[in-house]
Every structure is written in structure tokens, then in C-alpha cells.
Amino acid sequence: MKRLCLSALLIVALPAFADRLPLPADTPASFKTECGSCHLAYPPALLGAADWRRVMATLDKHFTSDATVDAVQKQEISTFLEKHAGKSGTAPSLAGEPPRISKTARFVRKHDEIPARFWRDPRIKSAANCEACHTHATAGRFSEHDIAIPELRE
Amino acid sequence: MKALSALCLLLASLAAQAETPQQIRQAYSAEAAGQQAGFTASAKRGEAFFRQRFNQNDKMPACTSCHTDQPVNAGQHAITGKAIRPLAVSANAERFSDPAKVEKWFGRNCKEVVGRACTPGEKADFVAYMSEVR
């Protein structure tokens, strides 16, 4: 009986956990300042380790910007990202080149009901702008109950 | 004792980092004066620079592309959409208080928007404008 309760609790709790991605306690300050200025300091679990390695190897051409960091910070951030990377296993990444969180299967599945016109909304501008809709994104809370833009909260 | 030394060290390092916009402007002005005798920072020139369209970058032709044409207002990153706190010191007291941070962002943004490194004189003017604008 106890085990049944526990399983039931787990089943109820799991979806909630899936929307909670707080930054790990050992997040280095360099990750927050260097990677969190132009976009949210993304939770490292959103990409696999191989994808993070590719991101870190091409920082001089980071999408359209030069996001180079010094050698010490690069090592510190890389170690942190790979330690907390998502478990993508050995499956080939769907994140593209350069890897984009918004192209990962999880992101696509979670956002498949969002119409194109919302992505174009000037308040949102880009799929990189998590905080535009997810009010508590900086705290790692991505629950669909916390969507900031009322017309998106359906 | 150990804790006390640590505290002293911490305070010393904080004092080394925290500067006022005036000190940062003066450092850039001194550097500029070394290249151009009698240089004085000008908020007016800084404003003109802030509003100039450099057209080196489709998405970010000018400083105003992300920071809006009113530095007292919050801006928005032209590509990612992330909110950017105001540049003007009168609206955001944290601005121009950490020389390393100021130099890092002049480095990145001048390269990306102006298409080259900014001169010490341009930086001094820019800091002067951002310190005075209301």
C-alpha cells in the first residue's frame, strides 16, 4: 500500500519536476555573467554534453555575436556545462549546428501548440527569450501556469 | 584572525573594483589626453556617438538598436529579446561602477556595432553622456 502511494505521488509529481530547472548550486559566477547577459543563463540540462562542447568551441561565432570568454572562464564554464548536461545518451543530437536549445526534441514538444504569430510578437522576439513568457524562468520555473502573456495562457 | 584577514582582503578587493562613473570617465580621458593634448570629455559628443548609425550590423546598426534612443529607459536585445536595464546612471546606479565590466562591454559592443574598437576619447564621451543624461 505504501509503495502504491509512493508511486502515485511520483506520477503526480513528475510533470511538475520536469518544469523545474533551477541552476545547480555550483553554478560559477562566470556562467551567470558571461552567458546570462544577452540571454537567460540557460539550465545546462537543456543540451547534451557534446552539444555544449560544440557551443563552447565556437563562441567567436555564437549565432551572430562574438561571445568569446577568457581561457580561465572558458574552462570553468565548460566543466560546469558538461557536468550538468542533459542525458542525451549516444543518440545523435537534433539540436543542429550550431546547437540550438529550441531545436531539441524536448523544446519542440513542449512548445508545439504555440502559433507562429506569438513567436513574432515584439515582446517575445525570439525563442531565446524565455523570460518573455516564463515569468519565473530566472528561478528555473517553466510551468505553463506561470505564462506572463495572457493570450498565451490557454 | 584568519577571518579578519579574509574580510580585509575582501574589502580591499571590493574597493579596487567599485569606482564611480566620474573615475571611469577620468581614466578614459587621461588615456585620450595622451593621444590628443587637451582632450576633455564631452557629453554632447557622447550623445551624438550613441545616436550615430554605424550600419555595420543589420540587426544592430546603432547603440540605440538595443538600448533605445532614451538611455533612461530599459532596452531589449535586438536578437534575443532579453530585457536590458537602462544605461543612464540616473536610472540605474550600477552602471559604470566596475571598470572591468565597462571595458568588456565597450570591447564587445564596439566591435559588433561600430565595426572596430572604440577610442579612449569615444569611451570618455560616452561615459560622460550616460552619467549626465536624465
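What you are looking at is a predicted structure, and each value in this text was computed from that prediction instead of being measured. (Residues numbered from 1 in each chain as written. Chains lettered and ligands numbered in written order. Predicted model: local features only at pLDDT ≥ 70, side-chain atom pairs only at ≥ 80, totals over all residues.)

**As for the overall build of chain A**
- Across its full length, chain A holds 7 helices and 0 strands.
- N-terminal to C-terminal, the α/β element order of chain A is α-α-α-α-α-α-α.
- In chain A, the share of contacts with a sequence separation of at least 24, taken over all contacts with a separation of at least 6, comes to 62%. (Helix = DSSP H or I, 4+ residues; strand = E, 2+ residues; numbered from the N terminus. Contact = placed C-beta atoms within 7 Å.)

**Here's the deal with helix H2 (residues 21-35) of chain B**
- Look at H2(B): 22 Å from first C-alpha to last across 15 residues, which is about the 21 Å you get at 1.5 Å a residue.
- Elements in contact with the buried residues of H2(B): helix H5 (99-114) and helix H6 (120-132) of chain B. (Expected span 1.5 Å × (residues − 1).)

**Considerations on the interface of chain A and chain B**
- Across the boundary between the two partners, chain A contributes 11 residues, which contact 9 residues of chain B.
- Residues of the side of chain A that touches chain B, tallied by class, amount to 4 nonpolar, 5 polar and 2 charged. (Nonpolar A, V, L, I, M, F, W, Y, C, P; charged D, E, K, R; others polar.)

**Section: the domain arrangement of chain A**
- Structurally, chain A comprises domain 1 (26-99) and domain 2 (113-154).
- Placing a centre on the C-alpha atoms of domain 1 of chain A and another on those of domain 2 of chain A gives a separation of 22 Å. (Domains from an automatic or database assignment.)

**So, the packing of H2(B) against H6(B)**
Residue and element names in this part refer to chain B.
- At a closest axis distance of 8 Å, the pairing of H2 and H6 adopts a crossing angle of 155°. The pairing of H2 with H6 is recorded here as roughly antiparallel in orientation. As H2 runs across H6, the sense of the crossing is left-handed. Facing H2, whose interface residues are Pro21, Gln22, Ile24, Arg25, Tyr28, Ser29, Glu31, Ala32 and Gln35, H6 presents Pro120, Gly121, Lys123, Ala124, Val127, Ala128 and Ser131.
- Looking at the contact of H2 with H6 residue by residue, the classes come out as 8 nonpolar, 5 polar and 3 charged. (Axes fitted to C-alpha atoms, helices over the stretch in contact; angles between N-to-C directions. Parallel < 35°, antiparallel > 145°, perpendicular 65-115°, else oblique. Left-handed = near helix turned anticlockwise from the far one by under 90°.)

**As for the packing of helix H3 (residues 49-57) of chain A against helix H4 (residues 71-83) of chain A**
All names here are of chain A.
- Running from N to C, H3 and H4 point in directions that differ by 160°, and their axes come no closer than 9 Å. As summarised for this structure, H3 and H4 are arranged roughly antiparallel, according to the angle between their axes. Crossing of H3 over H4 shows right-handed handedness. Here Ala49, Trp52, Arg53 and Met56 of H3 come into contact with H4, specifically with Lys74, Ile77, Ser78, Leu81 and Glu82.
- Each residue belonging to the contact of H3 with H4 can be placed in one class, and the counts come to 5 nonpolar, 1 polar and 3 charged.

**Observations concerning the confidence of the model for chain A**
- Residues with a pLDDT of 70 or more make up 82% of chain A, whose mean pLDDT is 86.
- The least confident element of chain A, judged by mean pLDDT, is helix H1 (residues 2-18) of chain A at 54; the most confident is H4(A) at 97. (pLDDT = per-residue confidence, 0-100.)

**Focus: the environment of A:Gly48**
Residue and element names in this part refer to chain A.
- Note that Gly48 resides in the loop between helix H2 (29-35) and H3.
- Taking the number of C-beta atoms within 10 Å as the measure of exposure, Gly48 has 23 and is therefore buried.
- The spatial distance from the C-alpha of Gly48 to the C-alpha of Lys61 is 20 Å, given a sequence separation of 13 residues. (Buried ≥ 20, exposed ≤ 12 C-beta atoms within 10 Å, placed from the backbone.)

**Description of the nonpolar core**
- Core analysis: the biggest nonpolar cluster contains 15 residues, and B:Ile24, B:Phe96, B:Ala124, B:Phe126, B:Val127, B:Ala128 and B:Met130 have the highest contact counts within it.
- A total of 6 residues in this core trace back to one element, the largest contributor, which is H6(B). (Core = buried A, V, L, I, M, F, W, Y, C linked by C-beta atoms within 7 Å.)

**Considerations on unusual backbone geometry**
- Within the chain, A:Phe63 stands out as a residue other than glycine whose phi angle is a positive 55°.
- With respect to the helices and strands, the residue A:Phe63 is situated in the loop between H3 and H4.
- The residue B:Asn55 is not glycine, and still its phi comes out positive at about 55°.
- Considering the arrangement of structural elements, one finds B:Asn55 in the loop between helix H3 (43-51) and helix H4 (64-67).
- Taking the C-beta count within 10 Å as the criterion, B:Asn55 has 11 such neighbours and is therefore assigned exposed.

**Side note on the environment of B:Met130**
Residues and elements named next belong to chain B.
- Examined against the element boundaries, Met130 turns out to sit in helix H6.
- For Met130 and Phe96, which are 34 residues apart along the polypeptide, the C-alpha to C-alpha distance reads 8.7 Å.
- Aside from chain neighbours lying at most four places away, what touches Met130 is Pro71, Leu87, Ala88, Val89, Arg95 and Phe96.

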